[in-house]
Amino acid sequence: MINALGVHTVTHLVVVAVRTDDGLVGYGEATGSPTWSGETQEGMLSVIRQVLSPCLIGQDPFQIRALTEVMDRALWGNPFAKAALEMALLDIVGKSLHVPVFVLLGGQRGPLEVPLKFSIAAYEPAPAARAAEFYAAKGFRAVKVKVGMEVRSDIARIQAVRSALGDEFRIAVDANGGWNESETVAMLPHLERLRVNAREQPLRRADLRGCARIRQRTSIPIILDESIFTREEALEAIRLNACDLISINPGKNGGVWRSLDIAGLGAAAGLECVIGSNIETEIASSCMLHLAASIPNLSGSVDHEIIGPFYNSRSLGLEPLRIEKGRAVLSGGIGLGVEVDFASLKHQNSVT
């Protein structure tokens, strides 16, 4: 993946297994990275072993929210590491009660289908168009084009994708904070001409006031992703009217419960949420789908990104994530509903 943050060719993930006295095992996954969350694989392994695991050993796995607070008091930041352990606790409780995680979260029962958008890296126009056609052939009807590199090349990339996909395809763009305010303003007429339906993270993380000013210049919605890791950041973005939608992700937010808290703040402010991706495998992707089933203000106009398994060369699940006609489908299974492929784990760095 090529974007304004650099080139992402390898996912340095951590898989955790939490075991109970009764023999149940829950699994979690962390995909933090230095440029995204300030985490490294080695760092996540270290804090899980030395700081976070001692907080959980001997505790009741059913006390998930309380244990989340304990982890937050023991360690500042490190959201993906914390989220992996919370994910494993949710998996344990779901397995213990023989229910899916979304039931524990108060989510809707029955099959859930979440419309997805695939992500096109900051390629040259021709390969960007070919990538668009490839995923459209797989049934997707929405795309996110990576921009934030240079205005003219960004415009050419979006134009190539629009030409390849036609007028009815939903196209969003994601600058990953790569534009400044003047570049963003210069892009607006082109984004409107090309019928872009959302702009994600146009400015650097801390520039909420700049995002608020840009919101006043166009009807294209702004999604904030890198700007909103925590509840406090969500409150500030809401206070400044800096966005139209909030991108949430259990890893980025430090766990599912923190994501639900942020979604609740958005709902109170009249904002919808979209599910964002950090190139997860089946474990975290399934968790994201359970989260999506539990958010009343999940966006119906802007598509979501539970797409990590499409980009990873190896699978951690014995069964692939169920995606049909560009939609992720959640239909059942206890806990997270993922059977881990231990043979695949032998070829990857993991911690138990």
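Residues numbered from 1 in each chain as written. Predicted model: local features only at pLDDT ≥ 70, side-chain atom pairs only at ≥ 80, totals over all residues. Heavy atoms only, no water.

Student: What's the story with the overall build of the protein chain in this structure? I'm lost.
Tutor: Within the protein chain, the regular secondary structure consists of 14 helices and 14 strands. On C-alpha atoms alone, the protein chain measures out to a radius of gyration of 19 Å, which is about the 20 Å that the 2.2 N^0.38 rule sets for 352 residues. With respect to the principal axes defined by its C-alpha atoms, the protein chain has extents near 60 × 40 × 40 Å. Considering the protein chain as a whole, with its 352 residues, one finds that 58% of them fall into the buried category. Within the protein chain, counting contacts between residues at least 6 apart in sequence, those at least 24 apart form 74% of the total. Roughly 14,700 Å² of accessible area belongs to the protein chain as shown, and the carbon and sulfur atoms make up 51% of that amount. Side-chain charges in the protein chain split into 35 positive and 39 negative, and the spacing between the mean points of these groups amounts to 3 Å. (Helix = DSSP H or I, 4+ residues; strand = E, 2+ residues; numbered from the N terminus. Rg over C-alpha atoms; globule rule 2.2 N^0.38 Å. Buried < 20%, exposed > 50% of the residue type's maximum accessible area, 1.4 Å probe, protein only. Contact = heavy atoms within 4.5 Å. Areas by Shrake-Rupley, 256 points an atom, 1.4 Å probe, with all protein chains shown as cover. Lys, Arg positive; Asp, Glu negative; His and termini not counted. Charge placed at Lys NZ, Arg CZ, Asp CG, Glu CD.)

Student: Sorry if this is basic, but what is going on with the packing of aromatic side chains here?
Tutor: For any pair of aromatic rings, geometry is given as the distance between the ring centres together with the angle between the planes. The tally for this structure, following the rule as stated, stands at nine aromatic pairs. When the ring of Phe118 is compared with that of Tyr135, the centres are 4.8 Å apart and the planes differ by 25 degrees; the resulting orientation is stacked. Taken together, the positions of Phe118 in strand 6 (residues 118-120) and Tyr135 in helix 5 (residues 125-137) put the pair 17 residues apart, joining distant regions of the chain. With respect to class, Phe118 is no different from Tyr135; both count as buried. (Phe/Tyr/Trp six-rings, centres within 6.5 Å; stacked < 30°, edge-to-face > 60°.)

Student: Just checking my understanding: could you explain the pattern of salt bridges for this structure?
Tutor: Side chains that differ in sign of charge can pair as their charged atoms come close. All chains considered together, the criterion is met by 20 salt bridges. Residue Lys95 is joined to Asp91 by a salt bridge in which the shortest nitrogen-to-oxygen separation is 3.1 Å. Here Asp91 and Lys95 lie together in helix 3 (residues 79-97), a separation of four residues that amounts to about one turn. Where Glu236 meets Arg239, a salt bridge forms, and the shortest distance between an N and an O atom there is 2.7 Å. Of this pair, Glu236 and Arg239 both sit in helix 9 (residues 231-239), three residues apart, which is roughly one turn of that helix. A residue is classified by how much of its surface remains accessible, and Glu236, at 30% relative accessible area, is partly exposed. For Arg239, a relative accessible area of 52% gives the class exposed. When salt bridges with common partners are traced through the structure, they connect Arg65, Glu69, Asp72, Lys82, Arg231, Arg258 and Asp261 into a single cluster. (Salt bridge = Lys/Arg side-chain N within 4 Å of Asp/Glu carboxyl O.)

Student: I tried to follow empty space enclosed by the protein on my own but got confused; where do I start?
Tutor: A probe as big as a water molecule, rolled over the atoms, marks out the empty space that is left. The final tally for this structure, using the stated rule, is two cavities of 30 Å³ or more. The wall of the largest cavity is formed by Glu29, Ala30, Thr31, Phe80, Met87, Asn249, Pro250, Gly251, Glu280, Ala284 and Met288. Listed by contribution, the elements that provide at least two residues to the lining of the largest cavity are strand 4 (25-30), helix 3, helix 10 (250-253) and helix 12 (282-292). Of the residues contributing to the lining of the largest cavity, the split by class is six nonpolar, three polar and two charged. For the second largest cavity, the calculated volume is near 40 Å³. Here the lining of the second largest cavity is composed, by residue class, of one nonpolar, five polar and two charged. (1 Å grid on protein atoms, 1.4 Å probe; cavity = no way out; pocket = protein on both sides within 12 Å on 5 of 7 lines; lining within 4 Å. Points joined across faces, edges and corners; volume = space filled by probe spheres on them. Nonpolar A, V, L, I, M, F, W, Y, C, P; charged D, E, K, R; others polar.)

Student: Just checking my understanding: could you explain the nonpolar core for this structure?
Tutor: Most often, soluble globular proteins keep nonpolar side chains buried together rather than apart. One finds Val143, Ile158, Val161, Leu224, Ile248, Ile275 and Ile283 to be the most contacted residues of the largest nonpolar core, which totals 105 residues. Residue contributions to this core peak at ten residues, all from helix 3. Every residue in contact with Val143, bar those within four places of it in the chain, is listed here: Lys117, Phe118, Ile120, Val161, Leu165, Phe169, Arg170, Ile171 and Ala172. By size, the runner-up hydrophobic cluster in this structure holds six residues, among which are Ala172, Ala198, Val274 and Val302. (Core = buried A, V, L, I, M, F, W, Y, C linked by side-chain atoms within 4.5 Å.)

Student: Any chance you could explain the packing of helix 1 (residues 41-56) against helix 3 here in plain terms?
Tutor: Packed helices, taken two at a time, are described by their axes: the angle between them and the distance between them. In contact at an axis separation of 10 Å, helix 1 and helix 3 are set at 50 degrees when each is read in the N-to-C sense. Taken together, helix 1 and helix 3 sit at an angle that is classed as oblique. Here helix 1 and helix 3 pass one another in a crossing that is right-handed. Facing Met44, Val47, Ile48, Leu52 and Leu56 of helix 1, the residues of helix 3 in contact are Phe80, Ala81, Lys82 and Leu85. Split by residue class, the contact of helix 1 with helix 3 holds eight nonpolar, no polar and one charged. (Axes fitted to C-alpha atoms, helices over the stretch in contact; angles between N-to-C directions. Parallel < 35°, antiparallel > 145°, perpendicular 65-115°, else oblique. Left-handed = near helix turned anticlockwise from the far one by under 90°.)

Student: What is the right way to read the environment of Ala142 from this model?
Tutor: With respect to the helices and strands, the residue Ala142 is situated in strand 7 (residues 142-146). Using a relative accessible area of 0% as the deciding quantity, one classes Ala142 as buried. Each C-alpha atom of the pair Ala142 and Thr218 lies 21 Å from the other, and the pair is 76 residues apart in sequence. What Ala142 contacts, discounting residues up to four positions off in sequence, is Leu116, Lys117, Phe118, Phe169, Arg170 and Asp303.

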